[in-house]
Amino acid sequence: MAVYKIFPTQDATLYSLFPQMNTGLDPIVEATTTAFGPTNPYPHTSRFLVQFSTSEINDILNNKVEANDWQANLKLFLSTVTGLTQETYVVTNPAAKEWVNGTGQYLDQPITKDGCSWEWANYTGSSKWGVTSLPAYATASYTSSVTPGGGIWYTGSNNSNYPNVKSSQSFSLYDDKDLNFNVTPTVHNWYSSSLPNYGFIVRQTESQEFLYTLEQQVELKYFSIDTNTIYPPVLEIKWDDFTYSTSSTINEITSSNIQVSLDENPGVFYSESINRFRINCRPKYPSRTFATSSYYSTNYYLPSGSSTWAIKDLYTNEFVVNFDSTYTQISADTESSYFDVHMNGLQPERWYKILIQTTIGSTTLVMDDNYTFKIVNG
(Lines give C-alpha, C1' and ligand atoms only; values in the text may rest on other atoms or scores of the structure.)
Protein backbone atom coordinates (compact mmCIF):
# COMPACT_ATOMS: atom_id res chain seq x y z
CA MET A 1 0.00 0.00 0.00
CA ALA A 2 1.18 3.53 -0.51
CA VAL A 3 0.02 4.14 3.04
CA TYR A 4 1.98 2.32 5.75
CA LYS A 5 1.26 2.51 9.48
CA ILE A 6 3.78 2.06 12.32
CA PHE A 7 2.66 1.52 15.90
CA PRO A 8 4.59 3.05 18.86
CA THR A 9 7.28 1.41 20.95
CA GLN A 10 6.41 3.53 24.03
CA ASP A 11 4.29 6.43 25.25
CA ALA A 12 3.56 8.16 28.57
CA THR A 13 1.96 11.31 30.02
CA LEU A 14 3.81 13.89 32.14
CA TYR A 15 1.71 15.56 34.87
CA SER A 16 2.88 18.78 36.55
CA LEU A 17 0.52 18.05 39.47
CA PHE A 18 2.30 14.72 40.14
CA PRO A 19 5.90 15.50 39.15
CA GLN A 20 7.30 12.04 39.95
CA MET A 21 4.38 9.89 38.75
CA ASN A 22 5.00 7.54 35.84
CA THR A 23 2.13 6.50 33.55
CA GLY A 24 3.95 4.36 30.98
CA LEU A 25 1.28 1.62 30.90
CA ASP A 26 -1.81 3.82 31.13
CA PRO A 27 -4.35 3.24 28.33
CA ILE A 28 -4.75 7.01 27.94
CA VAL A 29 -2.33 9.84 27.11
CA GLU A 30 -3.45 13.39 27.63
CA ALA A 31 -2.73 17.08 27.11
CA THR A 32 -4.90 18.77 29.72
CA THR A 33 -5.12 22.07 31.60
CA THR A 34 -6.61 21.96 35.11
CA ALA A 35 -7.41 24.76 37.57
CA PHE A 36 -8.60 23.90 41.07
CA GLY A 37 -10.40 27.04 42.17
CA PRO A 38 -9.71 30.40 43.87
CA THR A 39 -8.12 28.75 46.91
CA ASN A 40 -5.54 27.11 44.65
CA PRO A 41 -5.02 29.62 41.85
CA TYR A 42 -2.16 27.87 40.08
CA PRO A 43 -3.23 25.77 37.08
CA HIS A 44 -1.56 22.46 36.24
CA THR A 45 -0.98 20.86 32.89
CA SER A 46 -0.10 17.55 31.28
CA ARG A 47 1.82 16.65 28.13
CA PHE A 48 2.54 13.31 26.56
CA LEU A 49 5.37 11.54 24.77
CA VAL A 50 5.14 8.93 22.01
CA GLN A 51 8.02 7.19 20.25
CA PHE A 52 8.39 4.96 17.16
CA SER A 53 11.18 2.56 16.24
CA THR A 54 14.06 4.11 14.30
CA SER A 55 14.90 0.76 12.68
CA GLU A 56 11.32 0.29 11.50
CA ILE A 57 11.17 3.80 10.06
CA ASN A 58 14.47 3.24 8.24
CA ASP A 59 13.35 -0.15 6.94
CA ILE A 60 10.19 1.33 5.46
CA LEU A 61 11.98 4.28 3.85
CA ASN A 62 14.82 2.09 2.55
CA ASN A 63 12.92 -1.00 1.40
CA LYS A 64 9.23 -0.24 0.96
CA VAL A 65 8.82 3.37 -0.12
CA GLU A 66 9.15 3.48 -3.90
CA ALA A 67 9.48 7.25 -4.28
CA ASN A 68 11.69 10.09 -3.07
CA ASP A 69 8.65 12.18 -2.19
CA TRP A 70 6.82 10.85 0.88
CA GLN A 71 4.81 12.23 3.77
CA ALA A 72 4.69 11.23 7.45
CA ASN A 73 1.74 11.92 9.76
CA LEU A 74 1.40 11.38 13.50
CA LYS A 75 -2.19 10.30 14.19
CA LEU A 76 -3.88 10.03 17.59
CA PHE A 77 -7.48 9.10 18.28
CA LEU A 78 -9.71 10.88 20.76
CA SER A 79 -10.97 9.20 23.91
CA THR A 80 -12.42 12.15 25.87
CA VAL A 81 -12.65 15.90 25.37
CA THR A 82 -14.16 18.50 27.71
CA GLY A 83 -13.84 22.25 28.28
CA LEU A 84 -13.17 23.20 24.68
CA THR A 85 -12.75 26.86 23.78
CA GLN A 86 -13.84 28.43 20.52
CA GLU A 87 -10.39 27.57 19.18
CA THR A 88 -8.10 24.99 20.78
CA TYR A 89 -4.48 24.60 19.67
CA VAL A 90 -2.32 21.49 20.05
CA VAL A 91 1.33 21.29 19.00
CA THR A 92 3.99 18.62 18.66
CA ASN A 93 7.79 18.77 18.42
CA PRO A 94 10.52 16.14 18.38
CA ALA A 95 11.59 15.37 21.95
CA ALA A 96 15.18 16.35 22.72
CA LYS A 97 16.15 13.80 25.36
CA GLU A 98 15.99 10.05 25.77
CA TRP A 99 13.23 8.85 28.12
CA VAL A 100 12.02 5.58 29.63
CA ASN A 101 8.45 4.30 29.34
CA GLY A 102 8.08 2.82 32.84
CA THR A 103 5.29 0.57 34.13
CA GLY A 104 3.01 3.02 35.98
CA GLN A 105 -0.61 4.01 35.58
CA TYR A 106 -2.42 7.18 36.58
CA LEU A 107 -2.77 7.51 40.39
CA ASP A 108 -1.25 4.15 41.26
CA GLN A 109 -1.09 3.77 45.05
CA PRO A 110 1.72 4.18 45.79
CA ILE A 111 2.63 6.01 42.60
CA THR A 112 5.03 4.24 40.26
CA LYS A 113 8.39 5.98 39.72
CA ASP A 114 10.26 3.58 37.42
CA GLY A 115 9.98 5.67 34.27
CA CYS A 116 9.58 9.19 32.90
CA SER A 117 7.51 11.78 34.73
CA TRP A 118 7.13 15.56 34.75
CA GLU A 119 10.40 15.98 36.64
CA TRP A 120 12.39 12.96 35.41
CA ALA A 121 13.22 11.61 31.96
CA ASN A 122 14.28 8.28 33.45
CA TYR A 123 13.20 6.66 36.71
CA THR A 124 12.90 9.00 39.70
CA GLY A 125 16.32 9.95 41.06
CA SER A 126 18.14 9.01 37.86
CA SER A 127 18.06 11.72 35.17
CA LYS A 128 16.04 14.95 35.21
CA TRP A 129 14.84 16.57 32.01
CA GLY A 130 17.46 19.28 32.43
CA VAL A 131 15.21 22.19 31.54
CA THR A 132 17.79 24.73 32.71
CA SER A 133 20.66 23.20 30.70
CA LEU A 134 19.31 22.57 27.24
CA PRO A 135 20.89 21.03 24.13
CA ALA A 136 21.43 23.28 21.13
CA TYR A 137 18.20 24.31 19.38
CA ALA A 138 16.05 22.83 22.15
CA THR A 139 13.68 24.52 24.57
CA ALA A 140 11.34 23.81 27.49
CA SER A 141 8.34 25.49 29.11
CA TYR A 142 7.05 25.62 32.68
CA THR A 143 5.99 28.21 35.27
CA SER A 144 7.32 29.12 38.69
CA SER A 145 4.22 27.61 40.30
CA VAL A 146 5.13 24.03 39.30
CA THR A 147 8.16 21.75 39.61
CA PRO A 148 10.59 22.44 36.73
CA GLY A 149 10.20 19.79 34.04
CA GLY A 150 7.65 18.69 31.50
CA GLY A 151 10.09 17.50 28.84
CA ILE A 152 12.37 19.29 26.40
CA TRP A 153 12.01 19.52 22.64
CA TYR A 154 13.67 20.73 19.47
CA THR A 155 12.20 23.82 17.85
CA GLY A 156 14.28 24.06 14.68
CA SER A 157 13.66 27.80 14.67
CA ASN A 158 17.37 28.64 14.83
CA ASN A 159 18.77 25.87 12.66
CA SER A 160 18.32 25.81 8.89
CA ASN A 161 19.32 22.13 8.80
CA TYR A 162 16.02 21.05 10.35
CA PRO A 163 13.42 23.82 10.09
CA ASN A 164 9.69 23.42 10.57
CA VAL A 165 9.90 20.51 12.99
CA LYS A 166 7.06 22.03 15.02
CA SER A 167 3.63 20.91 13.84
CA SER A 168 0.32 22.31 15.08
CA GLN A 169 -3.37 21.61 14.79
CA SER A 170 -6.38 23.67 15.81
CA PHE A 171 -10.04 22.79 16.09
CA SER A 172 -13.23 24.46 17.18
CA LEU A 173 -16.19 23.02 19.05
CA TYR A 174 -17.64 20.95 16.22
CA ASP A 175 -14.50 19.92 14.35
CA ASP A 176 -12.97 16.45 14.25
CA LYS A 177 -10.73 16.31 17.32
CA ASP A 178 -8.56 13.36 16.37
CA LEU A 179 -4.99 14.59 15.89
CA ASN A 180 -3.32 14.33 12.50
CA PHE A 181 0.04 16.14 12.49
CA ASN A 182 2.18 16.40 9.37
CA VAL A 183 5.58 15.46 10.86
CA THR A 184 7.47 14.91 7.60
CA PRO A 185 10.33 17.33 8.47
CA THR A 186 10.96 15.57 11.80
CA VAL A 187 11.00 12.09 10.26
CA HIS A 188 13.31 13.34 7.48
CA ASN A 189 15.74 14.52 10.15
CA TRP A 190 15.55 11.22 12.03
CA TYR A 191 16.13 9.29 8.81
CA SER A 192 19.17 11.41 7.88
CA SER A 193 20.48 11.26 11.49
CA SER A 194 20.37 15.07 11.68
CA LEU A 195 18.30 14.65 14.85
CA PRO A 196 18.21 11.76 17.33
CA ASN A 197 14.87 9.96 17.50
CA TYR A 198 13.49 10.45 21.00
CA GLY A 199 9.91 10.51 19.73
CA PHE A 200 7.38 13.34 19.88
CA ILE A 201 6.06 15.48 22.70
CA VAL A 202 2.44 16.66 22.33
CA ARG A 203 0.98 19.54 24.34
CA GLN A 204 -1.38 22.47 24.25
CA THR A 205 0.16 25.80 23.28
CA GLU A 206 1.97 27.80 25.97
CA SER A 207 -0.80 30.42 25.98
CA GLN A 208 -3.35 27.76 27.00
CA GLU A 209 -1.36 25.43 29.24
CA PHE A 210 -0.96 27.59 32.35
CA LEU A 211 -3.86 29.97 31.82
CA TYR A 212 -5.84 30.35 35.05
CA THR A 213 -9.58 30.47 34.54
CA LEU A 214 -12.24 28.16 35.92
CA GLU A 215 -14.22 28.66 32.72
CA GLN A 216 -11.43 27.45 30.44
CA GLN A 217 -10.03 24.03 31.30
CA VAL A 218 -9.35 22.07 28.14
CA GLU A 219 -9.12 18.32 28.66
CA LEU A 220 -7.83 16.30 25.70
CA LYS A 221 -7.40 12.55 26.22
CA TYR A 222 -6.27 10.13 23.52
CA PHE A 223 -5.83 6.36 23.34
CA SER A 224 -2.29 5.12 24.02
CA ILE A 225 -0.41 2.07 22.81
CA ASP A 226 -1.76 0.22 25.86
CA THR A 227 -5.40 0.74 24.92
CA ASN A 228 -7.66 -2.28 24.60
CA THR A 229 -9.38 -0.60 21.64
CA ILE A 230 -8.37 -0.53 17.97
CA TYR A 231 -7.20 3.09 18.22
CA PRO A 232 -3.53 3.21 19.29
CA PRO A 233 -1.34 6.05 18.00
CA VAL A 234 0.19 5.51 14.57
CA LEU A 235 2.93 7.04 12.47
CA GLU A 236 1.56 6.94 8.93
CA ILE A 237 4.01 7.09 6.01
CA LYS A 238 2.52 7.74 2.57
CA TRP A 239 4.06 7.82 -0.88
CA ASP A 240 2.88 7.96 -4.47
CA ASP A 241 3.20 4.52 -6.11
CA PHE A 242 0.95 5.35 -9.09
CA THR A 243 1.93 3.99 -12.51
CA TYR A 244 -0.18 3.76 -15.67
CA SER A 245 1.55 1.65 -18.30
CA THR A 246 -1.23 -0.03 -20.25
CA SER A 247 -1.82 -2.35 -23.16
CA SER A 248 -3.34 -1.20 -26.44
CA THR A 249 -5.59 -4.29 -26.41
CA ILE A 250 -7.50 -3.08 -23.32
CA ASN A 251 -9.63 0.06 -23.40
CA GLU A 252 -10.37 2.58 -20.68
CA ILE A 253 -13.99 2.40 -19.62
CA THR A 254 -16.19 5.36 -20.60
CA SER A 255 -19.61 4.28 -19.32
CA SER A 256 -20.70 5.08 -15.76
CA ASN A 257 -22.89 1.95 -15.71
CA ILE A 258 -20.13 -0.47 -14.83
CA GLN A 259 -19.61 -3.82 -13.18
CA VAL A 260 -16.50 -4.04 -10.98
CA SER A 261 -15.07 -7.08 -9.19
CA LEU A 262 -11.91 -7.54 -7.16
CA ASP A 263 -9.47 -10.29 -8.11
CA GLU A 264 -6.49 -11.75 -6.21
CA ASN A 265 -8.35 -11.62 -2.91
CA PRO A 266 -8.15 -14.93 -1.02
CA GLY A 267 -9.88 -13.25 1.94
CA VAL A 268 -7.24 -13.92 4.63
CA PHE A 269 -3.72 -12.48 4.80
CA TYR A 270 -0.84 -12.79 7.21
CA SER A 271 0.33 -9.49 8.65
CA GLU A 272 3.62 -9.62 6.71
CA SER A 273 1.86 -10.03 3.35
CA ILE A 274 1.98 -7.62 0.44
CA ASN A 275 -0.93 -8.17 -1.91
CA ARG A 276 -1.70 -6.82 -5.37
CA PHE A 277 -5.45 -6.53 -5.82
CA ARG A 278 -6.53 -6.59 -9.47
CA ILE A 279 -9.72 -4.96 -10.70
CA ASN A 280 -11.98 -6.54 -13.29
CA CYS A 281 -14.12 -3.87 -14.91
CA ARG A 282 -16.63 -3.88 -17.77
CA PRO A 283 -19.82 -2.02 -18.82
CA LYS A 284 -22.92 -3.33 -17.10
CA TYR A 285 -24.97 -2.91 -20.31
CA PRO A 286 -22.68 -3.46 -23.31
CA SER A 287 -23.69 -2.44 -26.80
CA ARG A 288 -24.80 -5.26 -29.04
CA THR A 289 -22.04 -6.42 -31.40
CA PHE A 290 -21.29 -9.50 -33.48
CA ALA A 291 -18.25 -11.34 -32.09
CA THR A 292 -16.80 -14.83 -31.81
CA SER A 293 -16.09 -14.58 -28.04
CA SER A 294 -18.10 -13.55 -25.01
CA TYR A 295 -18.19 -9.82 -24.40
CA TYR A 296 -18.25 -10.48 -20.67
CA SER A 297 -14.70 -11.84 -20.77
CA THR A 298 -13.36 -8.47 -21.95
CA ASN A 299 -11.67 -6.36 -19.27
CA TYR A 300 -11.39 -2.56 -19.13
CA TYR A 301 -9.21 -0.06 -17.28
CA LEU A 302 -10.58 2.36 -14.74
CA PRO A 303 -9.93 5.99 -15.74
CA SER A 304 -6.39 7.21 -15.14
CA GLY A 305 -5.88 9.85 -12.45
CA SER A 306 -9.45 9.79 -11.11
CA SER A 307 -9.65 6.33 -9.52
CA THR A 308 -8.67 5.69 -5.90
CA TRP A 309 -9.10 3.03 -3.23
CA ALA A 310 -9.77 3.09 0.52
CA ILE A 311 -10.00 0.63 3.40
CA LYS A 312 -12.59 0.61 6.20
CA ASP A 313 -12.78 -1.41 9.38
CA LEU A 314 -15.65 -3.78 8.67
CA TYR A 315 -17.26 -3.54 12.11
CA THR A 316 -16.73 0.11 13.08
CA ASN A 317 -17.23 1.34 9.50
CA GLU A 318 -14.41 3.86 10.02
CA PHE A 319 -11.79 4.63 7.40
CA VAL A 320 -8.44 3.03 8.13
CA VAL A 321 -7.05 4.37 4.85
CA ASN A 322 -9.12 7.11 3.25
CA PHE A 323 -9.44 7.97 -0.44
CA ASP A 324 -6.47 10.11 -1.45
CA SER A 325 -5.93 11.52 -4.93
CA THR A 326 -2.15 11.40 -4.40
CA TYR A 327 -1.41 8.37 -2.25
CA THR A 328 -4.12 5.82 -3.09
CA GLN A 329 -4.46 6.22 -6.85
CA ILE A 330 -5.25 3.03 -8.73
CA SER A 331 -2.48 2.00 -11.12
CA ALA A 332 -2.61 -0.05 -14.33
CA ASP A 333 -0.33 -2.38 -16.26
CA THR A 334 -0.77 -4.49 -19.40
CA GLU A 335 -3.12 -6.85 -17.54
CA SER A 336 -5.58 -4.66 -15.60
CA SER A 337 -6.06 -1.85 -13.11
CA TYR A 338 -4.56 -2.70 -9.71
CA PHE A 339 -3.29 -1.45 -6.33
CA ASP A 340 -0.94 -2.86 -3.69
CA VAL A 341 -1.56 -3.19 0.05
CA HIS A 342 1.10 -3.80 2.72
CA MET A 343 -0.85 -5.75 5.33
CA ASN A 344 1.70 -5.05 8.06
CA GLY A 345 0.26 -1.55 8.37
CA LEU A 346 -3.12 -2.95 9.46
CA GLN A 347 -4.03 -4.35 12.86
CA PRO A 348 -4.22 -8.16 12.98
CA GLU A 349 -7.33 -10.19 13.82
CA ARG A 350 -9.60 -7.58 12.23
CA TRP A 351 -11.86 -7.69 9.18
CA TYR A 352 -11.57 -4.93 6.59
CA LYS A 353 -13.39 -3.94 3.43
CA ILE A 354 -12.10 -2.21 0.32
CA LEU A 355 -13.89 0.64 -1.41
CA ILE A 356 -13.14 1.78 -4.95
CA GLN A 357 -13.93 5.29 -6.15
CA THR A 358 -13.79 6.45 -9.75
CA THR A 359 -14.97 9.43 -11.76
CA ILE A 360 -16.28 8.78 -15.27
CA GLY A 361 -17.35 11.93 -17.06
CA SER A 362 -19.36 13.94 -14.54
CA THR A 363 -20.29 10.91 -12.42
CA THR A 364 -18.36 9.83 -9.31
CA LEU A 365 -18.96 6.23 -8.22
CA VAL A 366 -18.05 4.54 -4.95
CA MET A 367 -18.16 0.74 -5.15
CA ASP A 368 -18.35 -1.59 -2.18
CA ASP A 369 -19.40 -5.06 -3.29
CA ASN A 370 -18.29 -7.20 -0.33
CA TYR A 371 -14.59 -6.66 -1.04
CA THR A 372 -13.61 -7.94 2.41
CA PHE A 373 -10.52 -9.55 3.93
CA LYS A 374 -9.04 -10.40 7.31
CA ILE A 375 -5.53 -9.94 8.75
CA VAL A 376 -4.23 -12.78 10.94
CA ASN A 377 -1.08 -13.06 13.01
CA GLY A 378 1.61 -14.95 11.14
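Within each chain, residues carry numbers counting from 1 in the order of the written sequence. Residue-level local features of this predicted model are given only where pLDDT is at least 70; pairs of side-chain atoms are given and counted only at 80 or more, and the full residue set underlies all totals for whole chains, interfaces and linings. With hydrogens and water set aside, each side-chain value is computed from the structure's full complement of heavy atoms.

Examining the sheet that holds strand β1 (residues 3-6)
Turning to step 1, where the next piece is worked out: An order of β1-β14-β5-β11 is seen for the four strands of this open sheet, with the pairing classed as antiparallel. Each of the sheet's edge strands pairs with one partner strand only, and the pair in question is β1 and β11 (179-182). Direction aside, neighbouring strands of the sheet carry axes that sit 25° apart on average.
Turning to step 2, where the next piece is worked out: Relative to strand β14 (residues 234-239), β1 runs antiparallel, the two sharing four bridges. Its bridge partner lying in β14, Tyr-4 is registered against Ile-237.
Turning to step 3, where the next piece is worked out: The contact definition used throughout considers only heavy atoms, calling two residues in contact when any of these lie within 4.5 Å. A fitted line through C-alpha atoms represents every axis, and for helices the fit uses only the stretch in contact; the resulting angles, taken between N-to-C directions, go from 0 to 180 degrees. Each helix corresponds to a stretch of at least 4 residues labelled H or I by DSSP, and each strand to a stretch of at least 2 residues labelled E; elements are numbered beginning at the N terminus. Its contacts with the sheet put helix α1 (residues 54-63) on β1, β5 (70-76) and β14, and the angle it makes with β1 is roughly 165°.
Turning to step 4, where the next piece is worked out: Those strands touched by helix α2 (residues 184-191) are β5, β11 and β14, and its axis lies near 115° from that of β5. Paired strands are those between which DSSP finds at least two bridges.

Overview of the sheet that holds strand β23 (residues 337-342)
Turning to step 1, where the next piece is worked out: One open sheet accounts for four strands, arranged β16-β18-β23-β22; its pairing is antiparallel. On the outer flanks of this sheet lie β16 (258-263) and β22 (331-332), each paired with one strand and no other.
Turning to step 2, where the next piece is worked out: In terms of strand pairing, β22 meets β23 through two bridges, oriented antiparallel. Across the sheet, the residue bridging to Ser-331 is Tyr-338, located in β23.

Some remarks on the environment of Asp-226
Turning to step 1, where the next piece is worked out: As for its placement among the helices and strands, Asp-226 is situated in the loop between β13 (219-223) and β14.
Turning to step 2, where the next piece is worked out: Sequence separation of Asp-226 and Gln-259 is 33 residues, and the distance between their C-alpha atoms is 43 Å.
Turning to step 3, where the next piece is worked out: Setting aside residues up to four positions removed in sequence, Asp-226 forms contacts with Asp-11, Gly-24, Leu-25, Asp-26 and Pro-27.

What to know about the pairing of β5
Turning to step 1, where the next piece is worked out: Extensive coverage of β5 is indicated by the burial of seven of its seven residues.
Turning to step 2, where the next piece is worked out: Residue exposure (1.4 Å probe, protein chains only): buried if accessible area is under 20% of the type maximum, exposed if over 50%, otherwise partly exposed. Residue alternation in β5 divides its side chains into two sets, Trp-70, Ala-72, Leu-74 and Leu-76 and Gln-71, Asn-73 and Lys-75, and both sets are buried.
Turning to step 3, where the next piece is worked out: Pairing of β5 with β14 involves six bridges; the strand directions are antiparallel. Residue Leu-74 lies in a different strand from β14, and its bridge partner there is Leu-235.
Turning to step 4, where the next piece is worked out: Bridge count between β5 and β11: four bridges; the pairing is antiparallel. Note on β11: the bridge partner recorded for Leu-76 is Leu-179.

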